[in-house]
Structure formats: structure tokens, C-alpha cells
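Each chain, written out:
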Amino acid sequence: MALTTFEKIVSKRLKLENSYTLEQYLATGGYDGLKKALQMNPEDVSAEVMDASLLGRGGAGFPAGRKWSMLKPSPVRYLVVNGDESEPATFKDHELVERDPHQIIEGTLIASYALGARQAFIFCRGEFALGLERLEAALNEAYAYGAVGSDIFNSGFSIDLVIHPGAGAYICGEETALLESLEGKRGYPRIKPPYFPAVIGLYGMPTVVNNMETVSNLPWIVLNGGKAFASLGEGSSAGSRLFALSGHVNRPGWYEIEMAKTTFRDLIENPELGGGVRNGRKLKAFIPGGVSAPWFGPDEMDLPLSQDAVAQKGSMLGSGSVVVMDETTCPVRAAWRISKFFSRESCGQCTPCREGSGWIERIMHRIEMGLGREEDIELVLDACDNIAPGLTWPPKQTTICVLGPSIPSSIHSAITMFRDDFLTHIKEGGCSYDGKIN
Amino acid sequence: MTHLSAELVEKCKKVVELYPSKRSALIPLCHIAQGQNGWLTPEAIEDVASLVGVSPAEVRGTASFYDMFHLEPVGKHVIAMCTNIACMLAGAYELLEHAQEKLGVSPGGTTTDKEFTLEESECLAGCDKAPCIQVNHRFFGPMDNASFDTLLADLKSGKLADVVPPHGVLIRIDREHKRKVNYEAIDAERVEIDAAIKERKLKLEAANNATVGKDS
Amino acid sequence: MTEKLTNEETVTFTLNGEEKTAVKGELIIEACEKNGEFIPRFCYHPRMKPVGMCRMCLVEVSSPRGPSLQPSCYVEIQNGMEVNTQSDPVKKAQDGVLEYLLLNHPLDCPVCDKGGECPLQDQTLSYGPGESRFIEEKRHFLKPLKISSLVELDRERCIQCGRCIRFAKEISGEAEIDFAGRGEDTEVAIFPGKEFDSYFSLNTVQICPVGALTAVPYRFKSRPWDLEQIESTCQFCAVQCKLSVQSSQNEILRTLGIDSDAVNQSWLCDRGRFGFEAIYSSNRVNSPKIKKDGEFIDVSWPEAVEEVARALSVAKIANGPDSIGFIGGARLNNEGAYAFSKLAKGVIGTDNVDAQLSDGIDPNLIFGLRRATINDLDQAEIVVTLCGDLREELPVLFLRLRTLVANEALLLAEFSIGETPLSQYAAFRRSLVPGKVQNLLEELKDSFLSSFGRDDFEQKDGGIVFVVGNPGIGIDGLEIEHSIRALAKSFPNAKFLPALRRGNIFGALDMGLSPGLLPGRVTLKSHGSFFGDKWVCVPEKVGKNTKEMLQSVIDGTMDTLILLGSDPISDFPDKNLVLKAFEKAKNIICVESIMNESTKYAQVILPASMDHERAGTVTNLEGRVTHAGDKVTASGASFDDWVIASLISAELGDDLGFNSREDIGSEICSFAPAYRSTEKYFISGNDFGDGVVVPIAQVPVSIRARKSDPIEVPGLSSIERQGSPIRSGNSLPSSVAKVGSESQISFDNSMFDLNSTVSYKLLEEKRESSFYLVLEKSLYDNGTLLRESKSFENSARESYFKLNPVLLAELGVNEGDMITVSKESVKVKGRVVADSLVSVAVVVASWNQNSADSRELISLDNVNIVEVER
Ligand SMILES: Cc1cc2nc3c(=O)[nH]c(=O)nc-3n(C[C@H](O)[C@H](O)[C@H](O)COP(=O)(O)O)c2cc1C
Ligand code: SF4
Ligand code: FES
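A. A look at the overall build of chain B. The secondary structure content of chain B amounts to nine helices and four strands. Across the 216 residues that make up chain B, the buried fraction comes to 54%.

What follows is the structure, given as C-alpha cells:
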């Protein structure tokens, strides 16, 4: 497939100078979407979002319009914007918050208006110190400009916005853990049912949680209409999306591309995008949507970046981050490192995830260090199976949240695709690829 | 001695007011408190506890869940080196090894001059600049051994003081605007206002009005 | 509860293919258990909110998308639900969880306190894999960590179920323990330097499903299979929690709370749990003693009883029966109280008998009130407390009430002297000031009920419960009684829970250990002739209360006092009055278990058996009659109280007619109107569960199955597996209780006229610079039973004074400073505690704590006005 050209939606300001200031924002059409939305009925704003078929950009890919329509009626409702971005290899929200904070604020306000939210919170990953400073400055500007607070732009609509810094815990990206964290508690995911945020959310009130990139699309959608958005992409994968490309490519970075019209091969190889595998090497495998997703091999390179197409092949677009591993990559080491991540980030509530993640990491480490036993391969798979019974995709789970069943993804993929590498590690006490681990 | 300064307490009180529930301010307040000493001193935790109305054990328990909070002293610069997948593929472990040699500490350790604390971290969302690192949560990358050495020197000499404040100082911009929306007025207009909320408010008022007057 | 039970809707579901019914809203885990299928679990506890964390209880539940694994402790049963607890996926998931839990769990079962009654051990044996596939190092911690003076934590054994933390947050409301760290590194922690300093800390040990939390007094003492147990009743306070008393080789080693739906719902306070240690006090009275030449010498029972009978006869002949008085009785069980009541009133003929030490409430008022049960709190919409700090005085009643108010299940109006742990939840509260209590009713109506739109409560049936007791010594008891009467008149349909605290005080009052009363809640006036027919005699006129008796001894109109397990020197508000009386008294006879301040003045000491050494019945603040058993034999030559009364009576020439406690039981059921139809409770066995509330006809009995979950009450079921029977059962429905053959009269509370007006002295106004002094009691003080229990010997605090911070500022003192409080020439020093809810007109003093004794400042004859200096 060829690379399609289109007017960039969320990333249009990212490369401009001082893109994060109100001055630059207003100069490039900032807050026009909000002003227009305030002239519309809230229901009509929601209808545009429904028409846009805007899929959530946080990972689960649930259509935003539908999520909004499921919000339980109540005099008190909340909107929470999820900017905790911690899924390894994902860095699009990082870019958005540092380079275009006003767009996030505007999107948040539009969503708040459409939802009749009482108060809105932008939960931003704590490690984004610069982003937080820019966001806070932007919010001060927005208040001064009259875009936030009481009676916004004399529309009669009032809302307060709070920027809430996270404090470093991957699990707080999970929406119910995020709400707990926002309530000042340990970031323990809540049990669904009954704690679907749309029914019982922040302070027990119906709440919408949307990703930062999701809301960043809203000003454009309001200005240009949901249909215009849906005319990009294909089927349920409408519009464009920011993809974060990293690993062994020549040009790592974020790229806004039209969904479903572009393939992984385009993303990785197109000279305007990834520019090919680093040093002209061969591709060994790639992760299509964050480390929670099962891996793909060279055979899946021509899959389009479409939610359904990827799901059909047993993985997910997830958080929109693609990690490329070239032929020099040791899959054991890569899978071990990912298992280490989950072990460090398990919240610790559920026995299978808390204990299982640590055990799995230890077994993987043993194998990687060349101290594994042949039965360790089945052992680690069985340990995985006890967290995600059947190791199917989408996974079943014995845990509260899906962090647990994400643990097996990379291990199961690596063993399935590269069992020989595991055997080599076990038999020869190590591998011939680059690097050591400590 | 390491209680929160009066100035920070005032700042904290303003933050508490932004939220519908005091406890929500717990994490932002811990950030503010950590800004004072670079770590959360027990005294500061007690201050936060009383500001948000929970027990010190709960504040400590909550703070300890989060990686950014330090319950032990750290160096002026906390260097977090990502070794997660993208950075690992770009040689993060080799860089980490170099950093350990250079600083003479392993991850979790602080140099004897209290200048640097080294940490191995999970993905910092800087994967396009792999291997990427953070110093006091300010980004640097892609790094190699040489640029790492230069960075250390610049941090030590104070050349980067503007970009990288001492550890704990997270958001150097204060929120200028209080809560603007008068929720009470909005509620009064709402016909279908939840009776429970109203009752709760009355309750709190009544509790505050207990007679302790001089005349009794 | 009863109404709730009958109104419950049922649903049908299938359990492993068979159709079953359950109550709507029930959790799957409960529904399955009631239908005979026990689902293994660790984090779930029926008395706390489920959290679904351990994942041990996963079962397969049908859904539109096929069966899925769901936590049965979290998901409610639905009509038509298909639940499978046996399928392969369920088995695999459970095996998996067990294997995971054991990865880091040390295999030190042989040295672990929990070994033998450990759900993890049990479930591993019944479900677990044989061999560990885990070959790496287990997690290690420095061990053990002291989280309170009575509880230690071995973090290695912890399985992170969070029960202890949830108990602290949810039930006791003292969140001093919390999880720290994340993921694998999660551990239970206290804030450094701040212990889990709670009256309830040992409940965490009971509910810990592994051996991570251990009780310091029990650590390494025994193995569960060496323990024998009985189900019994705690007699430390008038809540009378159900507990299991466990002993080995005739020595009590621990007690565990039993899940009685009606009373303690599995909780105990620490004092109730290990207070039995006083049995092993080195100051135990093990033999009868007579004072000769100022020294006590051990004598035989016949010698001692002869001496007592001689003294009583002499006194009676010389000055009439009214020269003899009985003080105390709340430590006795019902049988002992009845026997002494009969001895005093029916043999000697004196009505100078008082189980209260002038710090309680007139039983004529209590008996006239519509009594509430503790479970009535669950149903109440409004609860009004007019009493002392319940956490200090009736700890488990506090837990029940706190959980309700903290969950906003009811509105609380609090009338108290100062801040209590309930104050923060109170929808309305007022600080009491001596002499100003009478405004309470108006305040309640005008400021509270009307502002909450609840004026209808005055006439409404039920819905409002008043918890009434003495809010503090220094407020005239009559003033409080006056207010309670006013409440009862104004709220004719309200219910009242009397908050007297002494162990079996309600049993003692019911048995007639009070002036003007006879057994079964009747008066001398109304039933004197009835009892006159049955007994040798009845007193001619209404007798004196404790204070009047002491005064009469000083005046010379009385000369003989019998102390029934009471120590007025430490326990009566006006210590000087007691000392004066004791110095003057001709005869002081103590029926006592442990030497104390008052026994020093005795001529004769008769050793009485203690709780857990004697069998019988007791009655709690609801009027609930339950069984309290004898687990170990009585120390030395001690006898049960009823035996002592019988011996004295026989020596006086009149046989009480009792050969066994069952004889007394039959007589109580025959003669005591309020105890009609309770025969079965007095006669045999232990298996009466939660007992019965008297009078039976008036209050329906709740019948809810007692939980027999081994994790909930670790000892019970584990011992069951070792062979001895499990004794928990259901409450007996009233229809099963046998009607006493001879009962002729029944109880009628209208004989106690609430309209009678009491007059009380109006207070002399204090001067601007002076204060009213009020004393407050604490759970831990220097009382004999505490001081003589090893675990609590150092639990008393330094004496303190609580003042409003406004006053502190005026006086220029800070919290923690020493101040002097004085009345005339008496000066008492104590530490300052700030309490912003104490009126500025009042100074609150501690009771019977270390160093200074504030009782020096109290005299019951005067209004207690004091001055404060730095
Ligand atoms: C373990 C875990 C981590 C997650 N992390 C993030 C995150 O960092 N950012 C995010 O927006 N969503 C994250 N999610 C997804 C959120 O739960 C939620 O679906 C999303 O914020 C909804 O927003 P959207 O509908 O706009 O995508 C995570 C989910 C899980 C299970
Ligand atoms: S699955 Fe893991 S991260 Fe998710 S709630 Fe359970 S323990 Fe926490
Ligand atoms: S998850 Fe149900 S008992 Fe623990």
C-alpha cells in the first residue's frame, strides 16, 4: 500500500515553534472547536463523536462515542483524561502533552460539555515533568482566556479542570486503578463488574475515562464533523492515529497515519516513516501494539494498521506502539525484559499476577542466563496458563485486571516463534546475540 | 525539623481545595512535600496526613506504592535509566553498566557526595530517543557513554540548573486559579439533586457547630 | 434481623448442575456454602466488605459469552446463574493460586503458631500439588515485626490478603496499618514509630488466614490439637461477647471470638480476649482467710463460714437486719447473684443490697424502658448516644455502632462530655455540661430532628434507638435519669439500650441485687408478698444504695458490709467516703478472687472462683441470657459464689435449698417473672448459641445460622477436625424454650412508672474562673483484673486532664504540660490533653490511671467545682 496524504489531525502543531503557548495555539485555530461546540447542543456534540467512529487511543480501542452513550444519567458525572502513558514503547501522549497541551485542554472541555461533567481531571504521568509544567501553564492561560471556569465564553457552561500528576506506577493507566489513584489511594484496579466507570466511577459517580490522544481529536472532529473524520481510514478503524515506532529502525519516532490504509511494512520501511530496519538488517519480529500485545513476525508485515485486521491475527494495536526487533535480537532476552517489567509493575492485589509475574521473571532470567532446564519451557508456559487460562487471544483471566493476562503475551509469542532460541540458551548456556544482561 | 515549611503548607491547602474530596490531594501533596527535601521525610508524611485527613500509615502506604516517591534520602540528582524493551534494544544495559562504573554505585545507590542516585527504570516514554534517561524527571537521549559523561559533568557544575532542578521539584509552575465553579449554586438549581449529598453536607455542618462556647 | 430474614427474596441457581435456592443479594460464596459447597478462600471474611484479591475462590459462572472464572466472594448470585465449583478450569485455577501462594511462603509449619489450624496448610493438603516447582530463593524479611504490644508480624508468612488492614480501616476505624510497597514487595506495615495501638488489635490475629500475625501472649505456647475448648461468654463488660475458651492441661491459653450474629459478630476487644490471665495472678485468693492480730491467716472453709455467720448473726440481733449491707455483684453470674440476693433479702432480711457503685442508672428506670437489642441498631435510622465513650466502656458495642455510622447506615446524634471516636461521624453532637443536661431533649428535637426533617420520629415505631448510660462521674446521676425519663416520655415508641458497663451488672440487677428490687425485674412493693411466700422472709422496707450504705456506716447505723467481688476503694467515685466507712465498719467480709485495696480492710475473705472456672448464665445489656462455662477447675479452695451463699445461709440455719446450679436455675425460672420460660438456659449444656433475650415474649429471637468457616474462627473447626465437637449452634427459637412449670407471674414493664418525677439538686453555679470536674473511665486502668493480667499489667496511662484548647491558650499551657487541678486544699497534678469538644466550663479527668488519683477531687455530696493552675 502506498502512504496516504491527509491533513494531520492531532499532530499538526507538534513541530511548530512554541506550539505549547496560547499565542501559537490561537494562531493555529485553537479553541475554535470549543467555541463551536458550545453553540451546539451537548447531544449533537456526542452525535458527531459517534459519527466519527473514534476509537479510544488508550489501548482497549473502544469507540469513544459508544462509551459516552453508556454513561449513566446522574446529576454528578466526571470526566477523567488518561495521560498516564506507561505502556513500554509508547510515547505519543508524552509528545502531545509537551508540544500541544492546549489541544488536550480543549478536547477535555469539549468532552466535558458533551457529557455534562461536573468537573474534569487530566491525569498526567508524573515523570513528564516538562509536560506537567507546560500543561499547568497552559491551564493558567486557558483560565485567563476564559476557556475554563465558570460561564465559559459566556455560554453558561461552567467547569473546573484539575491537572493531577501521577507518581510512577504503570498500573495507574488502567482506568479503575487510575480512579483509585485519583482518589488518593494505592493504585489497585477495581473489580468489573460492578465498577465500570460509566456506572460507578470517580467517588462512586458515573465517569468517562478517555485517553489524552482520544480527546485531542475532539477539536478537529467538532470543527470538521464526525463524517469527515470517518472518511479517513476504513470500517471501524476510522481517522488517523499517532503511532510510536521504536526499536531497530532507522527513524524511530511518532507518525500520524491514516488507519487501515497503511501497513506495518509502510510504517517500518517507508523512508518518510521508519526508514527501514536499522543497518539494513533483516526483521526478526515486531510488537504491534505495546508490550502487552503478542508479537508478529515478518509474515504479518503486510497487515494494515487496522484494529480488526490485527485482532484477527491474534494480537492488538493496543496503545499504538510498534517495536521492531532485527535479526540480532535475542528473543529470550526481549521476552525476559518484558516479563521483568510486568513483575515490577504488578499492583500486587491478585495472587496469580503478584506471585506469578515474579516467578515467571525468575524462570525467564534463568533461561536467559543459560541456567535453564529443558522443563523450564513448559513450566513457564504453565505458570502463564495459570494467569491466562488457555493462553488464548483475547486472553481469559484469573485476575482482576488485564495486566495479569498480558504477562504471557510476549513469553508465549517468543516460545512459539523462537523455541529453538530457548533450547539453545538451555543447552549451550547462552546465546550468540548481542549484549549481556546483568 | 523536616516538617513542611509554612509556605508549602499554604500551597498544599490550595491544592486540597481543588478536589471534591481531600484525600484526592494525597499524591499531589506528596509531590510538593518531596520537593522540600528531595524525599518524603516521616515528618512531611505526617503533615500530609493531617492535611488530607488520613493516618500517616495510609499516606506512607500509598506513597510507597509509587516509584516516584522516595522514603529514604536520595542524591540531588536522581538518574533514572530506562532499560525497557526499546532502550534495551538500543544498548541500555551497556549504558547502565557504564553509569555504574562511572558513579561507583549500583542501581538504588547514592554516591557518597550525595550528588547522584542511580536507578534502573521502566519505560519512560522516550523510546524514540533510546537509550533514554531522566534526571530528576527531565529527559535526555539518545545517550551514549560519552554524552552520559558530559551530562554528569554539566549537572555537577550547575550548568543545567535551569533545566534540572534539585530532585523532588516537579512542577515549577503554580496553579493561578482557584476552583471557579460554584458547585453549591449549581446544585441548588438542580431539581433532581441527590438527597444523600445534601444530607451529608448538613451533617458536616452540624458536626462543626458543636457547642463549646464560653457561655455553656 | 428477624424482619429482614422473613422478607428476603429468594433466587434459584444451579450449583454443579443441581438446582438450588439462595437469598437475593447474597454472594456466590455464601450461597454455595449454605448449600453445602465450601469454596476455599483467603481474603474473604463474612464480616468485612469483599475485595476479591486472593483469587482462591474463583468459580465458573455462566454468562452470555460462555462460562468464565469469577471471584465467588465478590459476585452476587443471580436468578438462573449456573455456578460450577468443580470443573477442570476451576480446579486448575485453584491449584495455580495455591502454588503461587506457596512460592514465597516459608515451610515452617512445625514452628508456626498457625500450624494445625491454618487454612493455607489445610487447603494445600486437600487441593495442593505435592511438590514445589519453585527452585529459587524465597522472599526474606527481618522477623518478626512488632506491630503492637500484643501483635507480632512475620512478613514472610504473609499472603497479602489484607484482612488485618481491612479490619483496622473498616471495623475498628484505626487505619494504623496499611500495605506498603507494590507487587511482589507488598508488605503489611505500620508507620515507623506509630504502633497499631488499638483495643482491638488481636482481632487481626484471629482473622489472619496464615501465621503471619501472632498474639504475643500465645506465641509458641501450644498446638491447636492440644487445645480443648468450650463455647462461652466473655464477662468483662456488659456486651458479653461470645467466645471460645481454649485450654490445655487445665490452663487457659487463649480465647477466640465466635461469630454471634446477635452480639459480637466474631470480634472481641483485646482485654476480653486475654483478660483471663488474671486467673493466674500471684495475688489470687486461694484459701479462706481470717484476720487475726492484723494479719490474714489461711483457715478452712467451715472455720471461715462460721466466722461470717457469727458476725452476721451478731449484727442482726444487735441492730437488726438493716445494719448489714451487700455491695457489688456485677462480677457474679446469675446463679451467684440469685443466691446472694436470696441470702440477703430472703434469709437475712436486709434490702441494703447494691450491685452498682453509685455510677450507674436506677434499675427502676432501666426496667421501665423499652429495651433495644444490639441488632436493633442495624435497623435504626437514628441512634442517639447519651453515655460515656463507648470504645472505653463497651468496646464491641462501639465496633458495631461505628461500622454502621461510618457506612452512613444511620444518623448519629451524640451527647458526650468530650470527643469520642464516634464524634467525627456524628450528624449532630452536643458537649455535656453538669447541670445543663436537661436541655438535651429540646436540642434533640429543635436542632437535630427538625433540621433533618425527622420530626416524625417522636411517634414513629422503632427507627430510633437511644444508648443511655452515665456520661461521666461528676454529672449528677439523677440529672441523667431525669433526661432519660424525658426522652422516654417524648419518644414513646423509641427503644433504649442501657450502657452500664460492669460485666454481669444486668444479671445482678435482674436477680434483685439492688435496693427495692426482687429477682425477675419486680419491686419489693409489688412482689414482696409473692416472694415472702417462697422465701423465709423479705425485707420490710426499701434499702440503701452503696453511697447511702457507706454514709450509714459512718453514721453508725450500719456496721457490717459484705463485698461481693467489688473493690470500692478503687472503684467507687468518692474514695474518701469509702475509706472513712471502712475504717469505721465493724465487719467487712469479702467474697473475692484476687487481693485488692479493699480486701485489706476485711475480717474474712472467702475465695470465689473466677470467669471460666465456674459455670452458669449471665445477662447482657440487651437482657440476653447466655451460658458462660467452666473450662478449668477453680484455683485453690475457691468455690462458686452460689456455693458460698449456700454455706453461709446453712450456717445461719436456713438452707437456701440449692444442691446444684441447676436448682437455682429452676428457681429463677419459677420465681423471677422476667425469666419465665428460660429454664432450658439454666439447666443443661452449652449449646444455646446466642441465648435468649428476656423477657422472652417481648423480643423475638434471631435465628441465623452461626458461621462455621474454619478461617473465620480458626480454633473451632480445626479442633473439630481433631475430634472434639463443634459447639456453635443456632439461637434457640422461643418456641423451643420450655415453659417453667411453676411460673405464675409474668413480667410487665409498666409497673416501672416512667412518669415518676425525680428531683435532683440544681447545681450551684460555678464561678467564672472555676470548672466542673468530670471523670471519665478508660478500658485500661489500674483495676485489679487488668493489673493482675500479665498482658495488661502496664496498660494504665499517666493521669491526665482534658481541656478545651481555648482554655489552654488562656492558661498559657500546651498539650503535654503538667497542670494542677485543685479543690480547696486538695491538689492533683496531671498531663494536659487538648480536646476541642470538651466544654470550656468543664475539666475532664482520668480515672484510676498511674500516679495522681483524680478521685481525690470528687465528693459525691458536693458539686465538683475545681480550679486549674499551671
Ligand atoms: C495495565 C493497563 C495499563 C493501561 N495504561 C494506559 C495508559 O497508560 N494510558 C491510557 O490511556 N490507557 C491505558 N490503559 C487503558 C485504560 O484502561 C482505558 O481503557 C483507556 O484509558 C480508555 O481511554 P480510551 O477509550 O480513550 O482509549 C491501560 C490499561 C491497562 C489494563
Ligand atoms: S492483574 Fe495484576 S495488576 Fe491487575 S489487579 Fe491483579 S495484581 Fe493488580
Ligand atoms: S478472592 Fe474471593 S476469597 Fe479471596
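From this point on, the discussion continues.
B. Molecular detail of the interface of chain A and chain C. Taken together, the contact pairs 38 residues of chain A with 32 residues of chain C. Here chain A and chain C share seven salt bridges between them. The salt bridge partner of C:Glu136 is A:Arg366, with a shortest N-O separation of 2.5 Å. The tally of links from chain A across to chain C stands at 20 residue pairs in polar contact (both at pLDDT 80 or more). Where the side of chain A that touches chain C is concerned, the elements lending two or more residues are α14 (331–345), α15 (351–368) and α16 (375–385) of chain A.

C. Structural view of the pairing of strand β1 (residues 78–83) of chain A. Residues and elements named next belong to chain A. Counting buried positions along β1 gives six out of six residues, so the element sits mostly inside the fold. Both faces of β1 are covered, namely the face carrying Tyr78, Val80 and Asn82 and the face carrying Leu79, Val81 and Gly83. As paired elements, β1 and strand β2 (residues 119–124) share six bridges and run parallel to each other. Opposite Gly83, over in β2, you have Cys124 as the bridge partner. Where β1 lies against strand β4 (residues 207–211), five bridges are found, and the strand directions are parallel. Paired with Leu79 across the strands is Val208, a residue of β4.

D. Geometry of the side chain of A:Ser413. All names here are of chain A. Along the polypeptide, Ser413 turns up in helix α17 (residues 403–428). Reaching out from Ser413, the side chain makes a polar contact with the backbone oxygen of Ser409 at a distance of 2.7 Å. If sequence neighbours within four positions are ignored, Ser413 has contacts with Pro294, Trp295, Pro408 and Phe418.

E. Spatial organisation of the domain arrangement of chain C. Looking at chain C, the domain boundaries give domain 1 (3–86), domain 2 (289–353 + 505–513 + 527–684), domain 3 (363–498) and domain 4 (771–869). The straight-line distance from the C-alpha centre of domain 1 of chain C to that of domain 2 of chain C is 53 Å.

F. Representation of the packing of α14(A) against α17(A). All names here are of chain A. Between α14 and α17, the shortest axis-to-axis distance is 8 Å and the interhelical angle comes to 155°. What the angle tells us is that α14 and α17 run roughly antiparallel. The two elements α14 and α17 cross, and the hand of that crossing is left-handed. In this structure, α14 contributes Pro331, Val332, Ala335, Ile338, Ser339, Phe342 and Glu345 to the contact, and α17 contributes Leu403, Ser406, Ile407, Ser410, Ile411, Ala414, Phe418, Asp421, Phe422 and His425. Here the residues of the contact of α14 with α17 are counted per class, giving eleven nonpolar, four polar and two charged.

G. Looking closely at the site of ligand 2. Neighbouring residues of ligand 2: 13 residues in total, closest A:Cys347, A:Cys350, A:Cys353, A:Thr399 and A:Cys401. Its residues assigned to classes, the shell around ligand 2 shows eight nonpolar, five polar and no charged.

H. Spatial organisation of the interface of chain A and chain B. Opposite the 78 residues of chain A that make contact, chain B presents 59 residues. Both faces combined, the contact of chain A with chain B buries some 5,600 Å², and carbon together with sulfur accounts for 57% of it. A per-residue breakdown of the area chain A buries against chain B is headed by A:Glu133, A:Ala167 and A:Arg337, which together make up 12% of the total. A salt bridge links B:Glu120 to A:Arg337, with the nearest nitrogen and oxygen atoms 4.0 Å apart. The tally of links between chain A and chain B comes to 31 residue pairs in polar contact (both at pLDDT 80 or more). Secondary-structure elements contributing two or more residues to the side of chain A that touches chain B are α5 (92–99), β2, α7 (129–145), β3 (160–165), α8 (175–182), β7 (240–247), β10 (321–326) and α14 of chain A.

I. The arrangement of the confidence of the model for chain B in detail. Of all residues in chain B, 84% attain a pLDDT of 70 or more, and the chain-wide mean is 88. The model gives residues 190–194 of chain B a pLDDT under 50, and that stretch makes six contacts with residues more than four places away or in other chains.

J. Molecular detail of the pattern of salt bridges. Here the structure, examined in full by the defined rule, presents 86 salt bridges over all chains. Here A:Glu355 makes a salt bridge to A:Arg354, at a shortest N to O gap of 3.0 Å. Neither A:Glu355 nor A:Arg354 differs from the other in exposure class; each is buried. Taken together, the shared-partner salt bridges in this structure form one network comprising C:Asp108, C:Lys146, C:Glu152, C:Asp154, C:Arg157 and C:Arg219.

K. Spatial organisation of the site of ligand 1. Residue and element names in this part refer to chain A. Around ligand 1, the structure places 17 residues, and the nearest of them are Gly58, Lys67, Asn82, Asn211 and Thr214. In the model, an oxygen atom of ligand 1 is placed 3.3 Å from a nitrogen or oxygen of the Glu85 main chain. Separating an oxygen atom of ligand 1 from a backbone N or O atom of Glu175 is a distance of 3.0 Å. A per-class count over the shell around ligand 1 returns three nonpolar, eight polar and six charged.

L. Main features of helix α15 (residues 477–490) of chain C. The terminal C-alpha atoms of α15(C) lie 20 Å apart, and with 14 residues this matches the ideal 20 Å at 1.5 Å per residue to within 8%. Buried positions along α15(C) lie against α10 (363–368), β18 (382–386), α14 (440–449), β21 (464–468) and β22 (495–498) of chain C.

M. Geometry of the packing of helix α5 (residues 163–171) of chain C against helix α13 (residues 395–406) of chain C. Residue and element names in this part refer to chain C. Direction vectors running N to C along α5 and α13 enclose 80°, while the axes themselves pass 9 Å from each other. If you check the angle between α5 and α13, you find them roughly perpendicular. Facing Phe167, Lys169, Glu170 and Ile171 of α5, the residues of α13 in contact are Leu399, Arg402 and Thr403. Its residues assigned to classes, the contact of α5 with α13 comprises three nonpolar, one polar and three charged.

N. Up close: the sheet that holds strand β7 (residues 151–153) of chain C. All names here are of chain C. Strands sit in the order β6-β7-β10 across an open sheet of three strands; the sheet is antiparallel. The two strands at the open ends of the sheet, each matched to only one other strand, are β6 (145–148) and β10 (213–215). Each strand axis lies, on average, 35° off the axis of its neighbour in the sheet, ignoring direction. As judged from the three bridges shared by β6 and β7, these two strands associate in the antiparallel manner. For Lys146, the partnering residue across the bridge sits in β7 and is Glu152.

O. Layout of the packing of aromatic side chains. All names here are of chain C. Scanning all chains against the criterion turns up 39 aromatic pairs over all chains. For the ring pair Tyr199 and Tyr780, a centre distance of 4.9 Å and an interplane angle of 75° mean the geometry is edge-to-face. One end of the pair, Tyr199, is in the loop between β9 (187–190) and α6 (203–207); the other, Tyr780, is in the loop between β31 (771–776) and α25 (784–787), and 581 residues separate them in sequence. Here Tyr199 matches Tyr780 in class, with each residue buried.

P. Structural context of the environment of C:Leu509. Residues and elements named next belong to chain C. Residue position: Leu509 is located in helix α16 (residues 505–510). By relative accessible area, Leu509 is classed as buried at 0%. With residues up to four places along the chain from it excluded, the contact list for Leu509 reads Gln356, Pro363, Ile366, Phe367, Leu500, Ser514 and Leu517.

Q. Region of the structure containing the state of the cysteines. Residue and element names in this part refer to chain B. Taken as a whole and judged by the stated rule, the model has zero disulfides over all chains. With no disulfide of its own, Cys123 lies 3.6 Å from the sulfur of Cys127, the closest cysteine sulfur. Given the relative accessible area of 4%, Cys123 is considered buried. Unpaired in terms of disulfides, Cys132 finds its nearest cysteine sulfur in Cys87, a separation of 4.6 Å. Judged by relative accessible area, which is 2%, Cys132 ranks as buried.

R. Highlighting the pairing of strand β35 (residues 842–846) of chain C. Residue and element names in this part refer to chain C. With five of its five residues buried, β35 lies for the most part within the structure. The alternating pattern of β35 places Val842, Val844 and Ser846 on one face and Val843 and Ala845 on the opposite face, and all of these are buried. Bridge count between strand β32 (residues 800–803) and β35: two bridges; the pairing is antiparallel. Paired with Lys802 across the bridge in β35 is Val844.

S. Structural context of the side chain of A:Ser319. Residues and elements named next belong to chain A. Topologically, Ser319 is positioned in the loop between α13 (307–312) and β10. Since its relative accessible area comes to 6%, Ser319 is described here as buried. Among the polar contacts made by the side chain of Ser319, one reaches the side chain of Ser321 at a distance of 3.2 Å. For Ser319, the residues in contact, after removing those within four places along its chain, are Arg57, Gly58, Gly59, Glu87, Thr90, Lys92, Arg241, Gly289 and Gly290.

Calculation notes
- Residues numbered from 1 in each chain as written.
- Chains lettered and ligands numbered in written order.
- Predicted model: local features only at pLDDT ≥ 70, side-chain atom pairs only at ≥ 80, totals over all residues.
- Heavy atoms only, no water.
- Helix = DSSP H or I, 4+ residues; strand = E, 2+ residues; numbered from the N terminus.
- Buried < 20%, exposed > 50% of the residue type's maximum accessible area, 1.4 Å probe, protein only.
- Contact = heavy atoms within 4.5 Å.
- Salt bridge = Lys/Arg side-chain N within 4 Å of Asp/Glu carboxyl O.
- Polar contact = N/O pair within 3.5 Å; in protein donor to acceptor, adjacent residues only side chain to side chain.
- Pairing = 2+ DSSP bridges.
- Domains from an automatic or database assignment.
- Axes fitted to C-alpha atoms, helices over the stretch in contact; angles between N-to-C directions.
- Parallel < 35°, antiparallel > 145°, perpendicular 65-115°, else oblique.
- Left-handed = near helix turned anticlockwise from the far one by under 90°.
- Nonpolar A, V, L, I, M, F, W, Y, C, P; charged D, E, K, R; others polar.
- Near = heavy atom within 4 Å.
- Buried area = accessible area lost by both parts, 1.4 Å probe.
- pLDDT = per-residue confidence, 0-100.
- Expected span 1.5 Å × (residues − 1).
- Phe/Tyr/Trp six-rings, centres within 6.5 Å; stacked < 30°, edge-to-face > 60°.
- Disulfide = S-S within 2.5 Å.

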